[in-house]
Amino acid sequence: MSLSEQDRRIIENAIRDIPDFPKPGIVFKDITTLLNDKEAFGILMNHLHVRYGGHALDYVAGIDARGFIFGAALAQMLGIGFVPIRKKGKLPYTTVSEKYALEYGVDEVEIHIDAFGGKNGARVLLIDDLIATGGTAVAAANLIEKIGAECVEACFILGLEALGGIEKLTEVTPVYAVIGVD
Ligand code: AMP
């Protein structure tokens, strides 16, 4: 089900722009104001629930850290389990990891080796608050596949379209951004 223009605007208006955070030239999309707004948060989560209710998903996997908030809420609404994909060194059990390039240097994300219950071919939705260059999400989607599951789609509340991340991730998995930003 597509989002009405009015609902789209309610969600977009609930997200706060913070110029020059964490460094000059970056406009940080602050979703704490969206989480704080029960109407906007409710509209968003209902939309995701309706959209993904028919996807026969087994799990929702969220990216550290804001993907945990939307992902865990959605997994509960769908009646399925939630899996965290974390920055290196945070998960306590045996992990599988994937490196990705940053503007300067590399970063790494990890998943528990048994995150999808050892079920081969588990159907997984990947979720995060925002896709920019797509580096984090491509690494996360690769991790899901690496441990034998299927990344059915990757979902973002915001897609920064000018940065090319959506195109890059589309080569790996279908992508849905609730709100596209130029
Ligand atoms: P990327 O790997 O470049 O797609 O970056 C995506 C990750 O960085 C996500 O986990 C986002 O939460 C965060 N991020 C990147 N750019 C922004 C931004 N302008 N505002 C808020 N979060 C951002």
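Report follows, based on the coordinates. The residue numbering used here restarts from 1 in each chain and proceeds along that chain's sequence as written. In keeping with the model being predicted, local features are shown solely for residues with a pLDDT of at least 70 and side-chain atom pairs are shown and tallied solely at 80 or more, while totals for entire chains, interfaces and linings include all residues. Side-chain numbers come from the whole structure's heavy atoms, not from hydrogens or water.

**What about helix 5 (residues 135-146)?**
Put simply, DSSP H or I for four residues or longer makes a helix, DSSP E for two residues or longer makes a strand, and each gets a number counted from the N terminus. A helix is expected to span 1.5 Å multiplied by its residue count minus one. A rise of 1.5 Å per residue sets the reference length of helix 5, with its 12 residues, at 16 Å; its end C-alpha atoms lie 16 Å apart and thus fit the reference within 8%. Buried means the residue's accessible area, taken with a 1.4 Å probe over protein chains only, is under 20% of the maximum for its type, while exposed means over 50%, and partly exposed covers the values in between. Residues Gly135, Ala137, Val138, Ala139, Ala140, Ala141, Leu143 and Ile144 constitute the buried set of helix 5. Looking one or two places after helix 5, you find Gly148, whose phi comes out positive at around 90°.

**With respect to the packing of helix 3 (residues 38-53) against helix 4 (residues 66-78)**
To get an axis, fit a line to the C-alpha atoms, keeping to the stretch in contact for a helix; angles then go from 0 to 180 degrees between the N-to-C directions. Close contact between helix 3 and helix 4 brings their axes to 10 Å; oriented N to C, the two are set at 55°. Between helix 3 and helix 4, the crossing angle belongs to the class labelled oblique. The chirality of how helix 3 crosses helix 4 is right-handed. For the pair formed by helix 3 and helix 4, the contact residues are Phe41, Leu44, Met45, Asn46, Leu48, His49, Tyr52 and Gly53 on the first element and Phe70, Ala73, Leu74, Met77 and Leu78 on the second. Roughly parallel here means an angle under 35 degrees, roughly antiparallel means over 145, roughly perpendicular means 65 to 115, and every remaining angle is called oblique. Put simply, a crossing is left-handed when the front helix is turned counterclockwise from the back one by less than a right angle, and right-handed when it is turned clockwise. Residue contacts are defined here by distance: any two heavy atoms, one from each residue, within 4.5 Å place the two residues in contact.

**As for helix 4**
Helical periodicity: at 3.6 residues per turn, an α-helix aligns residues three or four positions apart in one direction. Between its terminal C-alpha atoms helix 4 stretches 19 Å, which fits the 18 Å expected from 13 residues at 1.5 Å a residue. Among the residues of helix 4, those classed as buried are Gly67, Phe68, Phe70, Gly71, Leu74, Ala75 and Leu78. On the buried face of helix 4, the contacting elements are helix 2 (32-35), helix 3, strand 3 (59-63), strand 4 (81-87), strand 7 (123-131) and strand 8 (150-160). Directly after helix 4, the chain includes Gly79, whose backbone phi takes a positive value near 75°.

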